[in-house]
Amino acid sequence: MPTEYILAYHCAPAFAGIKPSNIASCSKRENPNITVQIKMLNEKLNKNDIYIDVLCECGERVLLMVYRKQKLCEYLQRDDIKSFLCDNGYPKEFSLMKYLAILKSRIYAQRLMNKEFPHEIGAFLGYPLHDIYGFINHKHQGCLLTGEWKVYENTEQAKKLFCRYNKCRKAVIKRINEGRTLTDLFLSLIHISEPTRR
């Protein structure tokens, strides 16, 4: 599957700026030029504050994070999010570069031991803190809903967010299938309209 389609499908809400970030895993075998592709996309999209960062890679796959830099910085500096991250070993003095470097090193260490992602990745991805704590403390027990993440509280609010993200994803994929590129969509004056909140 082409890199742009994978990014569009898994990361549309981050591209559109309605979620702090999204991650996507890409096969190097299916996308042998992925490093060059990501570099070229960044050269264009960084102008619009959109970044594609490599979180981790091995011989077969590369894990990418898509984010709007200002939006992610603002989100990570929210009092509750920053407090959670500091409790998990992140420095009190905020630096997105340092925070991402710590996250990357922890993902790499966990993958070496065949363990799951470090729990704080949920904070970077905009998951509600009560659901991050729910997963840390209970795993599958007490999970009320599974969608973009495992939900332990406020299921109705989560359903609305999942619907919003899905509408965004469908809108972006529709345009990709029509022959548009990510740079067409997110650098042009014609923006993906954010789904109306209800």
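See the structure shown above.
Residues numbered from 1 in each chain as written. Predicted model: local features only at pLDDT ≥ 70, side-chain atom pairs only at ≥ 80, totals over all residues. Heavy atoms only, no water.

Please give an account of the pattern of salt bridges that cites residues and values.
A complete count under the given rule lists 8 salt bridges for this structure. Here K159 and E156 are joined by a salt bridge, their closest N and O atoms 3.5 Å apart. Placement of the pair is K159 and E156 together in helix α8 (residues 155–177), with a separation of 3 residues, close to one helical turn. Since its relative accessible area comes to 42%, K159 is described here as partly exposed. (Salt bridge = Lys/Arg side-chain N within 4 Å of Asp/Glu carboxyl O. Helix = DSSP H or I, 4+ residues; strand = E, 2+ residues; numbered from the N terminus. Buried < 20%, exposed > 50% of the residue type's maximum accessible area, 1.4 Å probe, protein only.)

Give me the lowdown on the pairing of strand β1 (residues 21–27), citing residues and values where you can.
Counting buried positions along β1 yields 5 of 7 residues, so the element is predominantly enclosed. Examined bridge by bridge, β1 and strand β3 (residues 61–68) share 7 bridges and lie antiparallel to one another. Paired with S27 across the two strands is R61, which belongs to β3. (Pairing = 2+ DSSP bridges.)

So what about the environment of K170? Which residues, and what values?
Topologically, K170 is positioned in helix α8. K170 gets classed as exposed once you look at its relative accessible area, which sits at 57%. Taking the C-alpha atoms as reference points, K170 and A12, separated by 158 residues in sequence, lie 8.6 Å from one another.

Run through the sheet that holds β3, naming residues and quoting values.
Spatially, the 3 strands line up as an open sheet ordered β1-β3-β2, and their pairing is antiparallel. Of all strands in the sheet, those bounded by a partner on one side alone are β1 and β2 (50–57). Pairwise comparison of adjacent strand axes, ignoring direction, gives a mean angle of 25° for this sheet. In the packing of helix α1 (residues 3–16) onto the sheet, contacts are made with β1, β2 and β3, and the angle to β1 comes to roughly 170°. Together, β2 and β3 form the strand contacts of helix α3 (residues 69–76), whose direction differs from that of β3 by roughly 85°. (Axes fitted to C-alpha atoms, helices over the stretch in contact; angles between N-to-C directions. Contact = heavy atoms within 4.5 Å.)

So what's going on with the nonpolar core? Which residues, and what values?
Counting residues in each nonpolar core, the largest one holds 58 residues, and the members touching the most others are L7, F15, I52, L76, L85 and F124. Sorting elements by how many residues they give to this core places α8 first, with 8 residues. Excluding its chain neighbours within four sequence positions, the residues that come into contact with L7 are A12, F15, A24, I38, L41, I52, L64, V66 and L182. (Core = buried A, V, L, I, M, F, W, Y, C linked by side-chain atoms within 4.5 Å.)

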